[in-house]
Amino acid sequence: MSAVLSTPMAVPLPAGGILTGKSWSAVFTAIVVVAVLVPVLNLMTPADSALHLSDYAVQLIAKIMCYAISALAMDLIWGYTGILSLGHGVFFALGGYCMGMYLMRQIGSDGQYRLPMPDFMVFLNWKQFPWTWAVSDSFAAQMLLVVLVPGLLAFVFGFFAFRSRIKGVYFSIITQAMTYAAMLLFFRNETGFGGNNGFTDFKRILGTPIATPSMRMLLFVITGLTLIGFFLLAKWLVTSKFGRVLQAIRDAETRVMFTGYDPLRYKLAIWVISAVMCGIAGALYVPQVGIINPGEMSPAASIEIAIWAAVGGRGTLIGPIIGAFFVNGAKSWFTQAFPEFWLYFLGALFIAVTIFLPQGIIGLVRRKKEGP
Amino acid sequence: MTPELMKAGALAKIEHERRIAAISGGGGGRETSYGRIVQPGQLDVAHGAILYLDDITVSFDGFKALNALSLSISAGELRCIIGPNGAGKTTMMDVITGKTRPDLGKAFFGSTIDLLRLRENEIADVGIGRKFQKPTVFEHLSVFENLELALKADRGVRASMFFRLSGEQLDRIGAMLLLIHLKDSAQRTAGLLSHGQKQWLEIGMLLMQDPKLLLLDEPVAGMTDEETERTAELFLSLEGSHSLVVVEHDMKFIGELTQNGKNGKKVTVLHEGSVLAEGLLSEVQANEKVVEVYLGR
């Protein structure tokens, strides 16, 4: 053995760094597209030009980018750690509600009733804000809540679930129950979040009108950069030893325990990170789409997030982002072209992916590259 | 108060003062042992035993998998454990590693660490490594990454996020790859290894943890004769610096382990959840009860 120790390392090392040179240039290109190309094509190109990007397209891409962030968050917990969450919609919606509350306060006295309180509170004849709205007029405080509320819920829920060693399909089922329970809670008017109508009809953000082209573009750029930033963060996480422990938990959790790692801490850490990412996605979604209601907490909404990740390719990070764009892009085209066939197409798509593309779109691309 | 009681009291007082004087005199004698500081959580094998099981009973729905099992392993010992299927060998390992909680009994690692109070990962962290019956490696990670994860280092979340291999650690992994004959497969995905190679990888992962005590559940199952021989050599080279508990069915392997290396190695025979016989392999093989329940040929 001494011979080995005296000779310098002969073991081929895994590639260092979180991305290869080629991937870095792709990331750089993405940043340029989001922060320069899209704004130029939308704001500075005349509307009759072939290169003009319509407001509709910008809004659609922005919406899908928010979905892509949640799909990315789903990949961390499902693709890498092997924990299928069917309740990520609740984190997305909570982030959205925190942003929505601030936007409701920004309406001021411009609501239907011309009163300083949000319309639904006036309608319910409330004279003062419930305690949950205590800091809702502060942008900074609400942005902090965008992170804290989903993070705290995930922490408490995850702590008890993982400590009780709830795994596999049982975990998925209780996450469904969690989002369903939250939906029922938010449907009630007494909860103080607008009941089944939720929040809408936003006017301003930070005192600036929200519906102007430049504000829309600003939100678009912020969303795009957040998506790219989260992609890099996720990439860093999964290429670190932390990420390898997560994959080890997915493959053989008992071995991880008997190697001296506490799976509870690792699962809880990635679960909370994933939930916070979803919350931020929700907060970016609300001002651009202009509405948040308890529908975002429906079990189906959460299942859709898992579907984007599966279609794109689990455990690849870029796959779920592509999956979110592919499924939602197809959805917006189909629902215009053949509105009555969309659900059939969706069903067929999932059957096809499950049977023919277990590794998703990314798996197909990789197989093509490696040749038959 | 009767005179007898007063007299007894006076005598007791004189005796007590004498003892106090003897201790404060600071001199020799057995009192010095009280001065040795026992540190909770630190492995202490001053009394010779590294693993001590006493009266361990585990029952599953009334079936006693372990029935008042008592066993003691000395520091540096290589102990083979044999027994027919269902004798409780794996359950015993489950108790030691914290996977199963016994209904009754005590389990100590050294003289200070109560294993029944610790969780699986904490037990691994104090220095007990376990190899499973079915080789368990991280199938989607490379051989190198498998060893890297097992390498003794801070197991915390944040430490893992910012972990970087030092040159020394890299050398250790390199040395281990050579030892387990997987150097050429370092970048292969562990799931693609042969059964025997997986066994070796798992043993390598175990050694990367720097355990004081190794529990090896059928380590040579599925190995070729040559691999089995090499495994025996490896275990014998660990004897002394590590304590090993080997559960095996392969009598040839047991023979190789007990007849080479240190002399006087004991074999323990388990039957129906308790120790049936313990002694040298030759003694055990000659034992009538053992022949009846197990060796039976």
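Residue numbering note: each chain is counted from 1, following its sequence as written. All chains are assigned letters beginning at A, and all ligands numbers beginning at 1, according to the order in which they are written. Note on the predicted model: pLDDT of at least 70 is required for a residue's local features to be given, and 80 or more for side-chain atom pairs to be given and counted; whole-chain, interface and lining totals, by contrast, use all residues.

Right, let's get into the overall build of chain A. Here a helix means four or more residues in a row that DSSP labels H or I, a strand means two or more in a row labelled E, and each is numbered from the N terminus. Looking only at helices and strands, chain A features 15 helices and four strands. With the radius of gyration taken over C-alpha atoms, the globule rule is written as 2.2 Å times the number of residues to the power 0.38. Taking 21 Å as the expected radius of gyration for a compact globule of 372 residues, we find that chain A reaches 22 Å, a close match to that expectation. Counting only C-alpha atoms and orienting by the principal axes, one finds that chain A spans roughly 85 × 55 × 45 Å. Among the 372 residues that make up chain A, the fraction classed as buried is 41%. Backbone-placed C-beta atoms define the burial measure: a residue is buried with 20 or more other C-beta atoms within 10 Å of its own, exposed with 12 or fewer, and partly exposed in between.

When its secondary structure is counted, chain B shows eleven helices and ten strands. Reported as C-alpha extents along the three principal axes, the dimensions of chain B are approximately 85 × 55 × 40 Å. Put simply, chain B has 297 residues, and 41% of those count as buried. Partitioning the intrachain contacts of chain B with sequence separation of at least 6 by distance along the chain shows that 67% fall at a separation of at least 24. Note on contacts: each residue gets a C-beta atom placed from the backbone, and two residues are in contact if those atoms are within 7 Å.

A few words now on the interface of chain A and chain B. The interface of chain A with chain B comprises 28 residues on the first partner and 32 residues on the second. At the level of secondary structure, the elements contributing two or more residues to the side of chain A that touches chain B comprise α1 (2-6), α9 (241-251), α10 (253-258) and α11 (263-289) of chain A. In the scheme used here, Gly and all other residues not listed as nonpolar or charged are polar, with Ala, Val, Leu, Ile, Met, Phe, Trp, Tyr, Cys and Pro taken as nonpolar and Asp, Glu, Lys and Arg as charged. In the side of chain A that touches chain B, the residues fall into 17 nonpolar, five polar and six charged.

What follows covers the domain arrangement of chain B. For every domain, the bounds stem from an assignment made automatically or drawn from a database. Parsing chain B into structural domains produces domain 1 (3-35) and domain 2 (74-102 + 114-295). Taken over C-alpha atoms, the centre of domain 1 of chain B sits 50 Å from the centre of domain 2 of chain B.

Overall, the prediction assigns chain A a mean pLDDT of 90, with 95% of residues at 70 or greater. The low-confidence segment residues 1-10 of chain A (pLDDT under 50) makes eleven contacts with residues lying over four places distant or belonging to another chain. For every residue, the pLDDT score states the predictor's confidence, bounded by 0 at the bottom and 100 at the top.

Before going further, it helps to spend a moment on unusual backbone geometry. In this structure, Asp201(A) takes a positive phi of about 65° despite not being glycine. Tracing the sequence through the fold places Asp201(A) in the loop between β1 (199-200) and β2 (204-205). The phi dihedral of Glu272(B) is positive, around 50°, even though this residue is not glycine. Structurally, the position occupied by Glu272(B) is in the loop between β9 (267-271) and β10 (274-279).

Turning our attention to the packing of α9(A) against α11(A). All names here are of chain A. The angle between two axes is taken between their N-to-C directions and runs from 0 to 180 degrees, where each axis is a line fitted to C-alpha atoms and a helix contributes only its stretch in contact. Look at α9 against α11: their axes get within 10 Å of each other, and the N-to-C directions meet at 110°. Classed by the angle they form, the pair α9 and α11 counts as roughly perpendicular. The handedness of the crossing between α9 and α11 is left-handed. Packed against α9, whose contacting residues are Val245, Leu246 and Ile249, the element α11 presents Pro263, Tyr266, Lys267 and Ile270 at the interface. Residue composition of the contact of α9 with α11, grouped by class: six nonpolar, no polar and one charged. Roughly parallel means an angle under 35 degrees; roughly antiparallel, over 145; roughly perpendicular, 65 to 115; everything else is oblique. For any helix crossing, the convention is left-handed if the near helix is rotated counterclockwise from the far helix by under a right angle, and right-handed if that rotation is clockwise.

With that settled, consider α11(A). Residues spaced three or four apart along an α-helix face the same direction, because each turn holds 3.6 residues. One fewer than the residue count of a helix, multiplied by 1.5 Å, yields its expected span. The terminal C-alpha atoms of α11(A) lie 38 Å apart, and with 27 residues this matches the ideal 39 Å at 1.5 Å per residue to within 8%. With respect to burial, α11(A) is a largely interior element, 23 of its 27 residues being buried.

With that settled, consider helix α15 (residues 360-370) of chain A. Within the span of α15(A), buried status applies to Gly360(A), Ile361(A) and Ile362(A). Summarising the contacts, the buried residues of α15(A) are in contact with α12 (299-312), α13 (318-337) and α14 (342-356) of chain A.

Residue and element names in this part refer to chain B. Read from one edge to the other, the open sheet built from six strands follows the order β6-β7-β8-β3-β9-β10, with strand pairing classed as mixed. In this open sheet, the two strands that pair with only one neighbour each are β6 (128-131) and β10. Sheet twist, expressed as the mean angle between neighbouring strand axes with direction ignored, is 20°. Should DSSP find at least two bridges between two strands, the strands are regarded as paired.

Attention now goes to the sheet that holds strand β2 (residues 63-74) of chain B. Across a sheet, strands are paired by hydrogen bonds formed along the backbone, either parallel or antiparallel in direction. Residues and elements named next belong to chain B. Across the sheet, four strands lie side by side as β2-β1-β4-β5; this open sheet has antiparallel pairing. Taken across any chain shown, the strands that pair with only one partner, and hence form the sheet edges, are β2 and β5 (113-114). Sheet topology note: the strand β1 (residues 49-60)/β2 ladder contains eight bridges and is antiparallel. Looking at β2, one finds that Tyr52 is bridged to Ser72. In the packing of helix α2 (residues 89-96) onto the sheet, the strands contacted are β1, β2 and β4 (104-109), and the crossing angle to β2 comes to about 65°.

Right, let's get into the nonpolar core. One finds Ala68(A), Ile69(A), Ala71(A), Leu72(A) and Val246(B) to be the most contacted residues of the largest nonpolar core, which totals 167 residues. Sequence-distant contacts of Leu72(A), that is, excluding residues within four places in its chain, are made with Phe230(A), Phe231(A), Ala234(A), Met277(A), Leu317(A), Pro320(A) and Ile321(A). Structurally, a nonpolar core is described as a collection of buried Ala, Val, Leu, Ile, Met, Phe, Trp, Tyr and Cys residues joined by way of C-beta atoms within 7 Å.

All names here are of chain B. Position of Lys212 among the secondary structure elements: in the loop between α7 (195-208) and β7 (213-217). Sequence-wise, Lys212 and Gly127 are 85 residues apart; in three dimensions their C-alpha atoms are separated by 5.1 Å. In contact with Lys212, not counting residues within four places along its chain, are Leu43, Ile50, Gly127, His242 and Ser243.

With that settled, the discussion passes to the pairing of β10(B). All names here are of chain B. Direction of pairing for β9 relative to β10: antiparallel, over a ladder of five bridges. If you follow Val269 over to β10, its bridge partner there is Ala277. Hairpin connection between β9 and β10: a loop of two residues separates the two successive antiparallel strands, and Glu272 in this loop has a positive phi of roughly 50°.

Let us now look at the environment of Gly100(A). Residue and element names in this part refer to chain A. Note that Gly100 resides in helix α4 (residues 88-107). When the C-alpha positions of Gly100 and Ser136 are compared, they lie 9.3 Å apart, and in sequence the two are 36 residues distant. Those residues in contact with Gly100, other than ones at most four positions away along the chain, are Phe199, Val286 and Ile292.

Here we take up the pairing of β1(B). Residue and element names in this part refer to chain B. Linking β1 to β2, which pair antiparallel, is a turn of two residues; within it Asp61 sits at a positive phi near 50°. Alignment of β1 against β4, held across five bridges, turns out to be antiparallel. When the sheet's bridge partners are listed, Asp54 is paired in β4 with Lys106.

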